[in-house]
Amino acid sequence: MKTLVLVEHDNAKLSDATLPVVTAAGKLGEVHLLVAGHNCGAVAEAAAKIAGVAKVLVADDAAYAHGLAENVAPLVAQLMGDYDAFLAPATTSGKNIAPRVAAQLDVMQISEILSVEGPKTFTRPIYAGNAIATVESSDPKLVITVRGTAFEKAAAEGGSAPIEAVTGPGDAGTSSFVGSEIAKSERPELTSAKVIVSGGRALKDAETFAAVITPLADKLGAAIGASRAAVDAGYVPNDYQVGQTGKIVAPEVYFAIGISGAIQHLAGMKDSKVIIAINKDEDAPIFQVADIGLVADLYQAVPELTAAL
Amino acid sequence: MKILVPVKRVIDYNVKPRVKADGSGVDLANVKMSMNPFDEIAVEEAIRLKEKGKASEIVAVSIGPAKAQETLRTALAMGADRAILVQTPDEVGAEVEPLAVAKILKAIADEEQPGLIILGKQSISDDSNQTGQMLAALMGRPQGTFANTVEVEGDHVIVKREVDGGLQTVKLALPAIVTTDLRLNEPRYASLPNIMKAKQKPLATKTPADYGVDITPRLTTLKVSEPPVRQAGIKVADVAELVEKVKALGIA
């Protein structure tokens, strides 16, 4: 089977989100990568070094600079004549583009796969991960998005795949990029962080959240997350949200501080390797999933912990 | 400008889904069903655009069993003007896949000629997150997925999208497809008088065959199982013990 993987990038740097998708594609067959962007030569070179990649296709065109689905999907659909499967990371970018490709190819997409069970059989979460479905496709070609936390990352170094330029239909002329507000931060990205410190509604307000959570995260070099309750209450911006409707994370260590453990939050972090919970309510559901729990007043415990580390 | 708003009847947001013992699916018997939360946001956004004078009529559509009528009545009570039910067989496992839903919606859009189609970004049942994008592809129209803000300006719509790491703004030529994210708005509750009035609003019933769409699934669900259960670990007595444990993890 020949597979084509969509590379996630910002024209300058290849995103780590690509690496687990390469692993998933490798379970199906030969892996080719597609870098669709503008002035994205550095990304193509990084893509060629990923272990297990047989070829890198580069479509360098101003129309692909911002990953607009209206322009990228027809490019992919055109290339799919030579491939059996298209895989994209289940990021906001991959989720935006892949279904558009699937519809153009008249196939049903398989969203957020967790495992490859056979050439056309996969597992995927439904009902926010409260159930896992095993599904088999009857379509002639596969279009798949891959949940990054479910597959090991392919090694970023070690490969030396040839790079080949391709061209696509270019600008569909129906959409344009106006601007972006991407939070600049020294911290690791939530979805790729090794350690995450998350706060919940118990943090009272934005100032308290920052005063309690930030020093611990700084000490551990961790990303900061939050429950939906904390986001809704305005303690932190939207993109901090971990949960069913926010980000799905699976770090080495996840600190849940003042988080009760609503189903919706657990759905986003229960695959973390180690969960540490601090909550003053000993009956909080978070303790049912935590590996290490501390029943304590977080205003005392967290600063003490931060000071002692 | 007309706005088309597809809505789906799903298990209520507050109900914990239970996997059936025989692994054939999730048990929906005697379970509270409601409008998909992201679709409520879509209906609300359409109503707000109408209240701002940007839209003239809101048509709600649902593709599902006879009971999806209740979901459409909710949309009408919130403020949609009329509804179309594309009725599918009631039997279990007859859920229509996003690709077939998108094809039916395209056929309806061809008839209705809406300027905007606003959908939820995903249903909280099968979590596919596909229908809006597929519909946009089939129609050859632009898409503003995961919308945080929607502003109609002349023959364009400006959509601020929630993307990994922040927000992205795109400008789309109308007609366009928008899918809603959680923070686009807070949907209103239908008032009792509006619920009564909604009973009088027109609701047309159709079938997939009326639109010439084959809804045979492309994916077969071989089984549905419970996710692996995480065991509760230990409780530490105090911060000192916690510090020891954290240090043992090798992260500090």
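Given the structure is predicted, the values throughout are model-derived calculations rather than measurements.

Engineer: Got a minute to help me understand the pairing of strand β3 (residues 55–60) of chain A in this structure?
Structural biologist: The side chains of a regular strand alternate, first on one face of the sheet and then on the other. Residue and element names in this part refer to chain A. Judged from the 6 bridges that link them, strand β2 (residues 30–37) and β3 form a sheet pairing that is parallel. In the sheet register, Leu 34 faces β3, and the bridge partner there is Leu 57. Read as a crossover between parallel neighbours, the route from β2 over helix α2 (residues 41–48) to β3 is right-handed. Relative to strand β10 (residues 163–165), β3 runs parallel, the two sharing 3 bridges. Bridge pairing in β10 places Leu 57 opposite Glu 164.

Engineer: Is there a simple way to explain the packing of aromatic side chains in this structure?
Structural biologist: Remark: the centre distance and the inter-plane angle together describe each pair of aromatic rings, the angle taken between the planes. If you walk through the whole model with that rule in mind, you get 1 aromatic pair over all chains. Geometrically, the ring pair formed by A:Phe209 and A:Tyr235 is tilted, given 6.5 Å between the ring centres and 50° between the ring planes. Here A:Phe209 is found in helix α5 (residues 206–220), whereas its partner A:Tyr235 is found in the loop between α6 (228–232) and β14 (253–257), with 26 residues between them in sequence. The cationic tip of A:Lys204 hangs over the ring face of A:Tyr299; the distance from NZ or CZ to the ring centre is 4.8 Å. We note B:Lys235 situated over the ring of A:Phe287; from NZ or CZ to the ring centre the distance is 4.6 Å.

Engineer: Can you walk me through the interface of chain A and chain B in this structure?
Structural biologist: How big an interface is tends to be stated in terms of accessible area lost as the parts join. If you look at the interface, chain A gives 84 residues, while chain B gives 77 residues. Between chain A and chain B the total buried area reaches about 6,700 Å² when both faces are included, carbon and sulfur atoms providing 56% of it. One can count 5 salt bridges joining chain A with chain B. A:Glu181 serves as the salt-bridge partner of B:Lys160, at 3.3 Å between the closest nitrogen and oxygen. Here chain A is connected to chain B by 45 residue pairs in polar contact (both at pLDDT 80 or more). Across the side of chain A that touches chain B, the residue classes break down as 40 nonpolar, 26 polar and 18 charged. With 7 bridges joining them, strand β11 (residues 175–182) of chain A and strand β9 (residues 166–173) of chain B adopt antiparallel strand pairing.

The rules we used
Residues numbered from 1 in each chain as written. Chains lettered and ligands numbered in written order. Predicted model: local features only at pLDDT ≥ 70, side-chain atom pairs only at ≥ 80, totals over all residues. Heavy atoms only, no water. Pairing = 2+ DSSP bridges. Helix = DSSP H or I, 4+ residues; strand = E, 2+ residues; numbered from the N terminus. Right-handed = clockwise from strand over helix to strand, strands pointing away. Phe/Tyr/Trp six-rings, centres within 6.5 Å; stacked < 30°, edge-to-face > 60°. Lys NZ or Arg CZ within 6 Å of the ring centre and 35° of its normal. Contact = heavy atoms within 4.5 Å. Buried area = accessible area lost by both parts, 1.4 Å probe. Salt bridge = Lys/Arg side-chain N within 4 Å of Asp/Glu carboxyl O. Polar contact = N/O pair within 3.5 Å; in protein donor to acceptor, adjacent residues only side chain to side chain. Nonpolar A, V, L, I, M, F, W, Y, C, P; charged D, E, K, R; others polar.

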